[in-house]
Number of protein chains: 2
Amino acid sequence: MSGSRPFANALELLRDAGLRPTRQRLALARLLFDRGDRHVTAEQLHGEAIAAAVPVSLATVYNTLHQLVGAGLLREVVVNPGRSYFDTNVSDHHHFFLEESGRLLDIPGDRIDVSNVPAPPAGTAIRRVDVVIRIGREAD
Amino acid sequence: MSGSRPFANALELLRDAGLRPTRQRLALARLLFDRGDRHVTAEQLHGEAIAAAVPVSLATVYNTLHQLVGAGLLREVVVNPGRSYFDTNVSDHHHFFLEESGRLLDIPGDRIDVSNVPAPPAGTAIRRVDVVIRIGREAD
DNA sequence: TGCCTTCTTTAGAACGGCTCTAATCTGTTG
DNA sequence: CAACAGATTAGAGCCGTTCTAAAGAAGGCA
Ligand SMILES: [Mn+2]
Ligand SMILES: [Mn+2]
Ligand SMILES: [Zn+2]
Ligand SMILES: [Zn+2]
């Protein structure tokens, strides 16, 4: 039983990323990847780990998040100055950002067309196209 | 002579925004608006003012930048965690972001089509659509 | 199994951008 | 010019994030 979903197994996921499956990384990987797509901040994830009785320092949470970004298993989303979100959805997609609550909602990549993009300056190449749609309570 | 461009005059610009034209605000407004479109950080602008022998505190630079944003004369662009850019171009447009140098380049709003955008969640309205195209040295 | 090496974790200090405080100063109005 | 409201300031404080260096854990190999 189990083992059918991609990355169903935190241990395998870490091994494949070349990261030792330590107690802390296993717990964090499970919190991140066991429940569908998530957009979490480092402090949120740290709070969840502590609540789940997994003692882990904030430094380790940051280390692990950055290592997972480096391994392509997580992506960093910037919508606000002074706080990063980490996105477990690494497919091509965009975001609604709810300014009041600070929540991010996925928009599938094929639900938005960004077309007619000018060529980037000579010698440079496009790394990523981020569309952030900022939304708020109706009728401002 | 002069007076033909919109906001050719810092004094008038501040008065129209309901801000007292103090020595500091006049100098900052001139640095911001006298040379075409700019994308500056608070520290950059502070450095320019000091270099121009206009003694002004960093707190005043932040106060002024936020007041100008509030007056719709400036817009805040978020591309990086931990640092805000202030954009003197308040027309509808988007950005290239050069990750290596931290520079922003304007893309006119009509040079990009963002179409097929899903409706925002019930009770919310779109405040702004930001497209950031992250670019880097060719062939990563 | 124990030993050794390397990688990882950690507490706490440090950092950087930004904001706040409360005292001083300046622009404006009459 | 006096009086007041609004603006500026130095410096402290805040908060998310990163760094440091010391202690701990994982894995390879006898
Ligand atoms: Mn980061
Ligand atoms: Mn701000
Ligand atoms: Zn997402
Ligand atoms: Zn711009």
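Coordinates for the structure precede this section.
Reference entry: report on the structure contained in this document. (Residues numbered from 1 in each chain as written. Chains lettered and ligands numbered in written order. Predicted model: local features only at pLDDT ≥ 70, side-chain atom pairs only at ≥ 80, totals over all residues. Heavy atoms only, no water.)

**Some remarks on the interface of chain B and chain A**
How big an interface is tends to be reported as the loss of accessible area on association of its parts.
And step 1. With 41 residues of chain B at the interface, the matching set in chain A holds 41 residues.
And step 2. At the boundary of chain B with chain A, total buried surface from both sides reaches about 3,500 Å², with 54% on carbon and sulfur atoms.
And step 3. Considering only the side of chain B, the residues that lose the most area to chain A are B:Val78, B:Arg127 and B:Arg134, jointly responsible for 18% of the buried surface there.
And step 4. Across the contact surface, chain B and chain A share six salt bridges.
And step 5. In this assembly, chain B and chain A are joined by 16 residue pairs in polar contact (both at pLDDT 80 or more).
And step 6. Elements supplying a minimum of two residues to the side of chain B that touches chain A: β2 (75–80), β5 (103–108), β6 (113–115) and β7 (124–137) of chain B.
And step 7. The element best represented in the side of chain B that touches chain A is β7(B), accounting for 14 residues.
And step 8. Taken together, the residues of the side of chain B that touches chain A sort by class into 20 nonpolar, eight polar and 13 charged.
And step 9. Strand direction decides the pairing type here: strand β7 (residues 124–137) of chain A and β7(B), joined by 13 bridges, are antiparallel. (Contact = heavy atoms within 4.5 Å. Buried area = accessible area lost by both parts, 1.4 Å probe. Salt bridge = Lys/Arg side-chain N within 4 Å of Asp/Glu carboxyl O. Polar contact = N/O pair within 3.5 Å; in protein donor to acceptor, adjacent residues only side chain to side chain. Helix = DSSP H or I, 4+ residues; strand = E, 2+ residues; numbered from the N terminus. Nonpolar A, V, L, I, M, F, W, Y, C, P; charged D, E, K, R; others polar. Pairing = 2+ DSSP bridges.)

**Observations concerning the coordination of the zinc ion (ligand 4)**
Residues and elements named next belong to chain B.
And step 1. Taken together, His 39 (NE2), Asp 87 (OD), His 93 (NE2), His 95 (NE2) and Asp 106 (OD) make up the full set of protein donors to the zinc ion (ligand 4), lying 2.0 to 2.2 Å away.
And step 2. Between consecutive donor residues of the zinc ion (ligand 4), the sequence gaps follow H-x47-D-x5-H-x1-H-x10-D. On the criterion of sequence distance, the pair formed by His 93 in strand β4 (residues 93–98) and Asp 106 in strand β5 is long-range, its members being 13 residues apart.
And step 3. Here Asp 106 falls in the partly exposed class, since its relative accessible area comes to 26%. (Donors = N, O, S within 2.8 Å, 3.2 Å for Na, K, Ca; no water. Buried < 20%, exposed > 50% of the residue type's maximum accessible area, 1.4 Å probe, protein only.)

**Looking at the pairing of strand β5 (residues 103–108) of chain A**
Residue and element names in this part refer to chain A.
And step 1. The pairing of strand β4 (residues 93–98) with β5 spans six bridges and is antiparallel. Within the sheet, the bridge partner assigned to His 93 lies in β5 and is Pro 108.
And step 2. Counted between consecutive antiparallel strands, the loop separating β4 from β5 contains four residues, among which Gly 102 sits at a positive phi close to 75°.

**Here's the deal with the protein's contact with DNA strand C**
And step 1. Every one of the 20 residues lining DNA strand C counts as a neighbour, but A:Thr22, A:Arg25, B:Tyr62, B:Gly82 and B:Arg83 are closest to it.
And step 2. Near-protein atoms of DNA strand C (within 4 Å) split between backbone and bases, with sugar and phosphate holding 84%.
And step 3. A:Ser57 places a polar main-chain atom, nitrogen or oxygen, 2.8 Å from a phosphate oxygen of DNA strand C.
And step 4. Between a phosphate oxygen of DNA strand C and a side-chain N or O atom of A:Thr60, the distance comes to 2.9 Å.
And step 5. Elements with a minimum of two residues in the surface near DNA strand C: α2 (23–33) and α4 (58–70) of chain A together with α4 (58–70) and β3 (83–87) of chain B.
And step 6. Looking at the surface near DNA strand C residue by residue, the class counts come to six nonpolar, eight polar and six charged. (Near = heavy atom within 4 Å.)

**Quick notes on the packing of α2(A) against α4(A)**
Helix-helix packing is characterised by the crossing angle of the two axes and by the distance between the axes.
Residue and element names in this part refer to chain A.
And step 1. The interhelical angle for the contact between α2 and α4, taken along N-to-C directions, is 65°, at an axis separation of 11 Å. Crossing angle aside, the handedness with which α2 passes α4 is right-handed. In this structure, α2 contributes Gln 24, Arg 25, Leu 28, Leu 32 and Phe 33 to the contact, and α4 contributes Thr 60, Val 61, Thr 64, Leu 65, Gln 67 and Leu 68. (Axes fitted to C-alpha atoms, helices over the stretch in contact; angles between N-to-C directions. Left-handed = near helix turned anticlockwise from the far one by under 90°.)

**Some details on the environment of A:Val61**
All names here are of chain A.
And step 1. Note that Val 61 resides in helix α4.
And step 2. Looking at Val 61, the relative accessible area reads 0%, which means it is buried.
And step 3. In sequence terms Val 61 and Thr 41 are 20 residues apart; their C-alpha atoms lie 9.9 Å from each other.
And step 4. Discounting chain neighbours no more than four positions away, the residues touching Val 61 are Leu 28, Ala 42, Leu 45, His 46 and Val 56.

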